[in-house]
Amino acid sequence: MTIPTSSLVPPEGVFVPVPTFFKSSPVPPALQAPLDLETQIQHSVHLAKNGIRGLVLLGSTGEAIHLSRAERFELISGVRKGLTDAGFPEYPIMAGVLTNSVDEALEWLADAKKAGAQWGLVLAPGYFGAAANQENLQEWYTLVADLSPIPILIYNYPGVTNNIMVSLETYTKLAAHPNIVGCKMSHGNVSHHVQVSLDPAIDHSKFRVFSGFGQQLGPIVLFGAAGVIDGLAAIYPRAVSRLFELAAKRPVTPEALSEMQSMQFSVSRAEEMVGKWGIVGIKEGIYQVLKIGNLQGGRLPLKGRMPNGEWESWSAAMDAMKKLEDA
C-alpha cells in the first residue's frame, strides 16, 4: 500500500456542499441544461471571501449522480482555476464520490485529484442496505483508501443509502487508516457525532468529524467535532461561520455561550427550510438572497422551484439570518 505524501486532514470549520448550477435551458441536441461554470465560480469565490473554510463539490447537494464523468471533471477543475484566479490557490476542496463500485470509486477519486480536489468524500455503499454488513463496509473502505490517490472521508447519509448506518466500531477501526482522515454524518444521531469526536481510541489530529446539519453545529463542536458541511451556509456563509467560531473558542465565556445559543436558534430555525426543500430550497435561497443562479432548480427529477409564496413563508427565519449575516 502506497499512501500519498499529501495525506493531510481537512481544516476545521464550515464547509459548504455547494449545489451545481445549470443554465436555464438545454442547448439542442442536449436533453438537459448544461453546466453554468461562470455562476459556479462566482458562488464559490463568494463563499471563500465570506468565512467558509472549504467546499464540497459534487456531493449529494451537488447532484454528482446527474452529471457525466466529463462534466464532473469540468466542474472541479473550473472551480479550482476560478478560485486560484481570484486569489485563493490551494483553497480546500472535497469531491463527492457517490458510487458503490470499488473500481469506479477509485476512478472518481483519480479524476478528482487530477482536477484539483484535495480530498474525496466517499459515500457508504448502501445500494443493498443492511446486506452490506459492517465487516464488508470496513473492507470496502479499506480497499478504496489503500488505493486512493487522495485522502478520503467516510460519508454516511442514510437517506440516500437505504438507511445504512456506519457503526461506532467501524468508525474506530477505519479512523486508524492513514488515508482515511475524517467523516461526514448526515443524520440526526447526535450521540454518534459526539462519541466518534470523543473516542479516546481515535487520534483526532488525524481524523475529523463533520456533520451535514447546521442544526447540530454548536452542540457537536462544543464536544470535539471539527465542524459542519452545511447547506444553509451556501446562502448565509458569514453567519454560520460566526456560529462555528463561537462554538470552537475556548474557554467558553458566559457572553459567548449566550450569543452562541441565540445564533444556534436562528440557524436551526432557518435550517427547517433546507430540510424541507433540499437542493431546490438551497438554490432558491442563493438566488433570492445573493442574486446568484436562477430558479430552474436542478436536473430532472429535481427541476423546478418552490411553489409560489413558499419562500415568503420563511421570511421571519430568513430575516433573522440576514441580520446575523450583516452584523
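Summary of the structure given here. (Residues numbered from 1 in each chain as written. Predicted model: local features only at pLDDT ≥ 70, side-chain atom pairs only at ≥ 80, totals over all residues. Heavy atoms only, no water.)

## Digging into the overall build of the chain
Then step 1. Assigned secondary structure in the chain consists of 11 helices and 8 strands.
Then step 2. In terms of overall dimensions, the chain has C-alpha extents of about 60 × 50 × 40 Å along its principal axes.
Then step 3. Of the side chains in the chain, 26 bear a positive and 30 a negative charge, and the two mean positions are spaced by 5 Å. (Helix = DSSP H or I, 4+ residues; strand = E, 2+ residues; numbered from the N terminus. Lys, Arg positive; Asp, Glu negative; His and termini not counted. Charge placed at Lys NZ, Arg CZ, Asp CG, Glu CD.)

## Quick word on the packing of aromatic side chains
Then step 1. Considering all chains together, one arrives at 5 aromatic pairs under this definition.
Then step 2. Judged by centre distance (6.0 Å) and plane angle (75°), the ring pair of Phe88 and Tyr91 falls under edge-to-face.
Then step 3. The buried category is assigned to Tyr91, whose relative accessible area is 7%.
Then step 4. Centre to centre, the rings of Tyr127 and Phe128 are 5.0 Å apart; their planes meet at 75°, and the pair counts as edge-to-face. Phe128 shares its class with Tyr127; the two are exposed.
Then step 5. Seen from the ring of Trp108, Arg72 lies directly overhead, with NZ or CZ sitting 3.7 Å from the centre. (Phe/Tyr/Trp six-rings, centres within 6.5 Å; stacked < 30°, edge-to-face > 60°. Buried < 20%, exposed > 50% of the residue type's maximum accessible area, 1.4 Å probe, protein only. Lys NZ or Arg CZ within 6 Å of the ring centre and 35° of its normal.)

## So, the sheet that holds strand β2 (residues 54-57)
Then step 1. The 8 strands lie next to each other as β1-β2-β3-β4-β5-β6-β7-β8, forming a closed barrel whose pairing is parallel. When strand polarity is set aside, the average angle formed by the axes of neighbouring strands in this sheet is 25°.
Then step 2. Pairing between strand β7 (residues 208-211) and strand β8 (residues 227-229): 2 bridges, direction parallel. Across the sheet, the residue bridging to Phe210 is Gly227, located in β8. (Pairing = 2+ DSSP bridges. Axes fitted to C-alpha atoms, helices over the stretch in contact; angles between N-to-C directions.)

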